[in-house]
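Commentary on secondary and tertiary structure
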Amino acid sequence: MEVTTLTWIVAVLGLLIIGILAPLQFVAVLRPRAEWTIRNVYGSTPDGTDARAYFAYNQGQAWADPFFWAPLQIAGSVGMLLGERWGFLLALAASVPYIYSAIVIYIWDRDMGFRESTFYYWVIVWGMFPAYGILEGAYTFARLLD
């Protein structure tokens, strides 16, 4: 498949986003209850809810991201840059967790009172995930239809 400028943009953005997310989540796997992890990875505190539920929820995300989602996104992005059809297919599959997890986090943050009324929260913490997932999903789906 032809590798276009948009292919480069989508693939590199995917590598950048997952390149930040996966190492942070890997730290959460190694040190799930460390103060640094709670403050910088989870972005909230267990004080507002049941601590057991709080850590269980965040640990589920921490294990899924670096061991399932990141390899899928990395393989998809690399495959796209190589112009391989399988790369576009894997990237399409990798787009789903960006949207799915954003919905779960949106509800979790709302109901737990973690949501903030700031630009940083809506664009960086929450918004970039569904926005990128929609971009990657639409782009790879359209390219696979060619």
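This text goes with the structure placed above it.
Residues numbered from 1 in each chain as written. Predicted model: local features only at pLDDT ≥ 70, side-chain atom pairs only at ≥ 80, totals over all residues. Heavy atoms only, no water.

1. A word on a nonpolar patch on the surface
Quick note on the threshold: Residues forming no salt bridge and having over 30% relative accessible area are the ones grouped into patches, like charges within 9 Å of each other and nonpolar side chains (Val, Leu, Ile, Met, Phe, Trp, Tyr) within 5 Å. Method for areas: the Shrake-Rupley scheme with a 1.4 Å probe, in which residue coverage is limited to the protein chains shown. By convention in these notes, a salt bridge is any Lys or Arg side-chain nitrogen within 4 Å of a carboxyl oxygen on Asp or Glu. Each helix is a run of H or I in the DSSP string that is no shorter than four residues. Each strand is a run of E no shorter than two, and both are numbered from the N terminus. Relative accessibility thresholds used throughout: buried, under 20% of the residue-type maximum; exposed, over 50%; partly exposed, between the two (1.4 Å probe, protein chains only).
Taken together, Leu6, Trp8, Ile9, Val12, Leu13, Leu16 and Leu135 make up a surface patch of nonpolar side chains, about 590 Å² in accessible area. Ranked by the residues each element gives to the nonpolar patch, the list is headed by helix 1 (residues 5–30), at six residues. On the basis of relative accessible area, Trp8 is assigned to the partly exposed category, the value being 47%.

2. Digging into the environment of Met80
The condition is simple: In this description, contact between two residues means that some pair of their heavy atoms is separated by no more than 4.5 Å.
Looking at the secondary structure, you find Met80 in helix 3 (residues 51–81). The class of Met80 is buried, set by a relative accessible area of 0%. If we ignore the near neighbours within four places in the chain, the residues touching Met80 are Val3, Thr7, Val10, Ala11, Gly87, Phe88, Ala91, Tyr139 and Thr140.

3. What to know about the packing of helix 1 against helix 2 (residues 35–42)
Heads up, the condition is: Axes here mean lines fitted to C-alpha atoms, for a helix over just the part in contact, with angles spanning 0 to 180 degrees between N-to-C directions. Geometric relationships in this document are graded by angle, where less than 35 degrees denotes roughly parallel, more than 145 denotes roughly antiparallel, 65 to 115 denotes roughly perpendicular, and other angles denote oblique. Crossings are assigned a handedness: left-handed for a near helix turned anticlockwise from the far helix by less than a right angle, right-handed for a clockwise turn.
It is at 10 Å that the axes of helix 1 and helix 2 come closest, and there the two elements cross at 150 degrees. Between helix 1 and helix 2, the interaxial angle falls into the category roughly antiparallel. Both helix 1 and helix 2 take part in a crossing whose hand is left-handed. In this structure, helix 1 contributes Leu24, Gln25, Val27 and Ala28 to the contact, and helix 2 contributes Trp36, Thr37, Val41 and Tyr42.

4. Considering the packing of aromatic side chains
What counts is decided by this rule: Within 6.5 Å between ring centres, the rings of Phe, Tyr and Trp (the latter by its six-membered ring) count as paired, and their orientation is classed by plane angle as stacked under 30 degrees, edge-to-face over 60, tilted in between.
Inspection of every chain in the model, using the stated rule, returns 14 aromatic pairs. Relative to Phe67, the ring of Phe26 has its centre 5.9 Å away and its plane inclined at 70 degrees; by these criteria the two rings are edge-to-face. With Phe26 in helix 1 and Phe67 in helix 3, this pair connects stretches of sequence that are 41 residues apart. Ring plane angle 15 degrees and centroid distance 4.2 Å describe the contact between Tyr57 and Trp108, whose orientation is recorded as stacked. Placement of Tyr57 in helix 3 and of Trp108 in helix 4 (residues 85–112) is noted, with a sequence separation of 51 residues between them. Of the aromatic side chains, those joined through ring pairs into one cluster are Trp69, Tyr98, Phe129 and Tyr132.

5. A closer look at the pattern of salt bridges
Tallying each qualifying case throughout the model produces two salt bridges. Across the pair Glu35 and Arg39 runs a salt bridge whose closest N-O atoms are separated by 3.8 Å. Here Glu35 pairs with Arg39, and both are found in helix 2, just four residues apart, close to one helical turn. Of the residues examined, Glu35 reaches a relative accessible area of 52% and is grouped as exposed. For Asp146, the salt bridge identified is with Arg143, shortest N-O distance 3.8 Å.

6. Quick word on the layout of surface pockets
Under the convention used in this document: Buriedness of a pocket was judged along seven lines, with at least five required to meet protein on both sides within 12 Å; pockets are open sets of points on a 1 Å grid over the protein atoms alone, cavities are sets where a 1.4 Å probe fits but cannot get out, and lining residues have an atom within 4 Å of a point. Grid points are joined across faces, edges and corners, and a volume is the space filled by probe spheres set on the points. In this count, Pro and Cys sit with the nonpolar residues alongside Ala, Val, Leu, Ile, Met, Phe, Trp and Tyr, while Asp, Glu, Lys and Arg are called charged and the others, Gly among them, polar.
In this structure, the largest pocket occupies an estimated 760 Å³ of space. The wall of the largest pocket is formed by 28 residues, among which Val41, Tyr42, Gly43, Val125 and Phe129 lie closest to the centre. Residue assignment for the lining of the largest pocket shows that the elements contributing at least two residues are helix 1, helix 2, helix 3, helix 4 and helix 5 (119–145). With six residues, the top contributor of residues to the lining of the largest pocket is helix 5. Residue composition of the lining of the largest pocket, grouped by class: 17 nonpolar, seven polar and four charged.

That's the geometry; what it means functionally is another story.
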